[in-house]
Structure formats: structure tokens, C-alpha cells
Amino acid sequence: MNLTEAMEFIHAASWRGSCLGLERITELMARLGDPQRELRFIHVAGTNGKGSVCAMLASVLTRAGYRTGLYTSPHLFRVNERIKVDGADVSDAELTELAALVKPAADSMADPPTEFERITAMALLYFARRRCGAVVLEVGLGGRLDSTNVIGPPEAAVVTDLSLEHTAVLGDTLEQIAGEKAGIIKPGASVVLSAQSAEAENVIRRRCAELGCPLRVTEPQALRLRACGLFGQTLDYRDRRELRLRLSGSYQLKNAAAALDTVDVLRERGWAIPEEAVRAGLAETVWPARFEVLQMQPLVLVDGAHNPAGAAELSASLSACLPGRKLTMVMGVMADKDHSDMIRTMAPHAADFVTVTPESERALPARELAERIRSLTGLPVRCGGSVRDGLALALEGKGPDGAVCAFGSLYQAGEVRAYFGKT
């Protein structure tokens, strides 16, 4: 098998889309010898922030001397990004080898696994083959029926901020969505929860009580921002002082709190994580397309905000780091997102908008988005078409003091980064 054939195998079931359920992944892993049983996991679910929390934890654990696997989704540019060990993407040769190992098992199944299930199986097999001492596993969709939930009880189950998302699949109330996320909590796991709305918190608390799982909830009142900028920030949390966080964006503070509480929970379970590893790991964490500066003159930011809660966090970050500054907003969204709410949230920061169509079958056409922005805000709007054409249009005539912010979809974020040579 070569790399092209490996990609064909991975994408062969893309037509199935999201197809929740554990039957296929359970069968697939059994046919592979259940390599996930050899591993220790930190399992992370949530609506927003789970990728950043995973990145922070993986960085800290690597610094602490654990060979650390990290599984995230979606990728921004290449599938390889989803599967990392000690911060390095799986290589093309390794990805091809993994696909060759998983393909016979997948082909022998009467109900073929989905694209996400294939990649998940490859990741778990890779982490076992690399003898990872820790694996940080990000949930793809929901939790209870997500293919990552094929694992046994994790060392820590982490639930980040929850908001309404994928309501046709997960339910149309916060309680229902929290119930799906709570499915990653299993007997024997310790649980960390980002402090949030009472209706979501109560669901997690009940699940922990039912299963006898110890629960730690983050304390926003114990979080203090000391300094912030476009290239990082300094914070205090609980008893820790002057922690340097390389990631910008005010929303990363609550993510750091969740990561730090998870570290302490792991220590209580006997994990050896020196304090210097905590500090160095946070200071070195890199997570692309989260309030990321791609260029300074003119300023270009990209953020993966792709739902109303994410847009609200991006808005708060712009207010904190660029108070009063108006930007050209390059916006592209998926058709199933509440883009009207996102538009209203971002309009106060906008001098004008450029709309684009991300490369996805689910994308809302740029012209439709432009019409919606005009009707809601009255601000100048230009239809850019493709992401590349939209960025060129947004940058046209911009002097060194100009500013552009691209947001609305993680699919778009990868294209934006590629435009500036970030792959």
C-alpha cells in the first residue's frame, strides 16, 4: 500500500458521514487485538475548548517524561495532524503502514466502519505500537456513542464548556447534550468539569454520583489574568502563580484551568508530573487556528470559532487584546451552524465583512452568507467566493496598520493557514 491508497482507504466511507454507535468500532478493535487495552487515557469531551485542553495536557505530559499520544479532530491541513506522539505528527510511512494493518479488518466487516472510526482505530493501534505511557484522546462528536468511547475507564474524563451543538443528533437541550458528553465517565475514572451553567453541571454531577467517580470542578474565581497579548498571556490559578501560556485568546484561561485541574487529579492517582513540567508544558503548548497571528503588517488573525459560543469567546478576546480596533472579517460557515448569532456577535468588531465558501459539502455559499450579513448589520459586505480569493480581497489595499480576522469554520481555518504558508 502507498500513501494514495492509504488515503483512499481512510476516505472510502466518507459517504456515511457521522454515524454514531460503538458496534462497528468495538468489532474493528477486537479484530485488531484490542490494542487500546494496553493504554492509559485522558478522555476529553465538550463543545468548545476540548482541543486546546488536549494540547495543553499532551504538552505537560510529554515534558513530564511520558511518551504521550494525542488524538484530535478535525485536521486543518493533513490527516497526519490528528495522530501525534510527543508533539510529532504520524509520518506518511507510518500512516500508510497503519492503514495497511487496519484495512483487512475493516474489509471483513459486514457493516463497514466510518471514516472517523478508521482513523480512530489507526490512532489507537499506533499509540499501542509506540508504547505510549499516556494518551490524550479528544472526543469527535458527543461522547457516549463516539468511537473514541471504545476505551475502558480513563484515568481522567474531562468535560469542557458545553453549549447547543449538533442538536439533531445530540438533543436540543443542554441537559441532553451534557448527558451525551457524560457518557465518557465510567466507574474508576476521575472527572474534571469546566465550571458552567447549572443545567449542564448538574447532569455531570449526577453521573459522577451514580458511578462513584470523584469530581473536580474548575474555579473561575481562582483564575487571574496578569498580562495578555497577541503572543501569549500570564495567569494565576489556585495556588499557582505567574504561569506563562503561549496561547493567546481570553478563552484559553478557562481551558488552562481545566488542564491544570486535570494535572492535579492525575497526580492524586499517582502520576509523576513535576511542577516544572507543568510550567514548561503550558509555556510550550501550540494549538493552531486558535486566536493565531499569521502576519503582523497588516495584522491577520485566524480563529476556529465555528458556533455562537466560539464567536462569543473570539469577541471577548478581540476586546481584550485589540480594544476598539475595527477589522475586516473574513467569514465562512457551515450551513448547519447558527450563523446569524455569530454575525451579531462579531459585528461590533467589524469595519466590513468578506464572505467565503469553505471547501466542504456542508458549507453555506458565500453569497447567501453575504446577504444575511447585510440584512442583520448594514455593514459593507463583499463576496469573496473561495477562501483564497476572499483573503486576497480582504488584504487588497490594506496598509501596515490594517487588520483582518478570519473565522467561522475549522475547515476554513486550514485553508487560511495554508494561504500564509502555514501547513
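Our subject is the structure that appears above.
Residues numbered from 1 in each chain as written. Predicted model: local features only at pLDDT ≥ 70, side-chain atom pairs only at ≥ 80, totals over all residues. Heavy atoms only, no water.

### Section: the sheet that holds strand 1 (residues 41-45)
Then step 1. Spatially, the eight strands line up as an open sheet ordered 4-3-2-5-1-6-7-8, and their pairing is mixed. The sheet is open, and its two borders are formed by strand 4 (88-89) and strand 8 (215-217), each paired with just one other strand.
Then step 2. The sheet contact formed by strand 3 (residues 83-85) and strand 4 spans two bridges and is antiparallel. Residue pairing in the sheet places Lys84 in a bridge with Asp89 of strand 4.
Then step 3. Docked against the sheet, helix 3 (residues 50-63) engages strand 1, strand 2 (68-71), strand 5 (134-138) and strand 6 (156-159), running at close to 175 degrees with respect to strand 5. (Pairing = 2+ DSSP bridges. Helix = DSSP H or I, 4+ residues; strand = E, 2+ residues; numbered from the N terminus. Contact = heavy atoms within 4.5 Å. Axes fitted to C-alpha atoms, helices over the stretch in contact; angles between N-to-C directions.)

### Comments concerning the sheet that holds strand 16 (residues 381-385)
Then step 1. One open sheet accounts for six strands, arranged 12-13-17-14-15-16; its pairing is mixed. Bordering the open sheet on either side are strand 12 (292-296) and strand 16, each of which pairs with just one other strand. Across this sheet, the average inter-strand angle for adjacent strands is 20 degrees, counted without regard to direction.
Then step 2. In the sheet, strand 15 (residues 350-356) pairs with strand 16 via four bridges, with the strands oriented parallel. When the sheet's bridge partners are listed, Thr355 is paired in strand 16 with Cys383.
Then step 3. Docked against the sheet, helix 12 (residues 339-346) engages strand 14 (327-331), strand 15 and strand 17 (403-407), running at close to 170 degrees with respect to strand 14.

### Re the pattern of salt bridges
Then step 1. With the rule as written, the count across this model stands at 30 salt bridges.
Then step 2. Here Arg216 and Asp261 are joined by a salt bridge, their closest N and O atoms 3.9 Å apart. One end of the pair, Arg216, is in strand 8; the other, Asp261, is in helix 9 (residues 252-268), and 45 residues separate them in sequence.
Then step 3. For Arg216, a relative accessible area of 22% puts it in the partly exposed group. (Salt bridge = Lys/Arg side-chain N within 4 Å of Asp/Glu carboxyl O. Buried < 20%, exposed > 50% of the residue type's maximum accessible area, 1.4 Å probe, protein only.)

### What about the packing of aromatic side chains?
One pair of aromatic rings is described through two measures. These are the centre distance and the angle between the planes.
Then step 1. Counted under the stated rule, the structure contains four aromatic pairs.
Then step 2. Both rings, one in Tyr71 and one in Phe116, keep their centres 6.0 Å apart while their planes meet at 35 degrees; by these two values the pair is tilted. With a gap of 45 residues between them, Tyr71 in strand 2 and Phe116 in helix 5 (residues 115-129) connect regions that are remote in the sequence.
Then step 3. Across the ring face of Trp271, the terminal group of Arg40 is positioned such that the distance to the ring centre comes to 4.1 Å. (Phe/Tyr/Trp six-rings, centres within 6.5 Å; stacked < 30°, edge-to-face > 60°. Lys NZ or Arg CZ within 6 Å of the ring centre and 35° of its normal.)

### A short note on the pairing of strand 5
Working note: regular strand, side chains alternate between the two faces of the sheet.
Then step 1. Along strand 5, five of the five residues are buried, which leaves the element largely enclosed by surrounding structure.
Then step 2. Side-chain alternation along strand 5 places Ala134, Val136 and Glu138 on one buried face and Val135 and Leu137 on a second face that is also buried.
Then step 3. Both strand 1 and strand 5 contribute to a ladder of four bridges, which runs parallel. Residue His43 lies in a different strand from strand 5, and its bridge partner there is Leu137.
Then step 4. Here four bridges tie strand 2 to strand 5, and the two strands are oriented parallel to one another. From the neighbouring strand, Gly69 faces strand 5, where its bridge partner is Val135.

### Some thoughts on the side chain of Lys337
Then step 1. Positionally, Lys337 belongs in the loop between strand 14 and helix 12.
Then step 2. In this structure, Lys337 is buried with no salt-bridge partner, the nearest side chain bearing the opposite charge being Asp336 at 5.1 Å.
Then step 3. Leaving out residues up to four positions away in the same chain, Lys337 has contacts with His166, His306 and Arg362. (Lys, Arg positive; Asp, Glu negative; His and termini not counted.)

### Focus: the nonpolar core
Then step 1. Within the largest apolar cluster, 38 residues are counted, with the highest numbers of intra-cluster contacts made by Ile42, Leu61, Val136, Trp271 and Ile273.
Then step 2. When residues of this core are traced back to their parent elements, those giving at least two are strand 1, helix 3, strand 5, strand 6, strand 10 (232-237), strand 11 (240-245), helix 9 and helix 10 (275-284).
Then step 3. Residues within four places of Ile42 in sequence aside, it is in contact with Leu57, Leu61, Val135, Val136, Leu137, Ala156, Val158, Thr262, Leu266 and Trp271.
Then step 4. Counting 36 residues, the second largest nonpolar core, distinct from the first, contains Ile25, Ala106, Ala123 and Val135. (Core = buried A, V, L, I, M, F, W, Y, C linked by side-chain atoms within 4.5 Å.)

### Thoughts on the environment of His166
Then step 1. In this fold, His166 is placed in the loop between strand 6 and helix 6 (167-170).
Then step 2. Each C-alpha atom of the pair His166 and Ile177 lies 8.9 Å from the other, and the pair is eleven residues apart in sequence.
Then step 3. Setting aside residues no more than four positions away along its own chain, His166 makes contact with Leu141, Gly171 and Lys337.

Taken by themselves, the reported measurements are silent on function.
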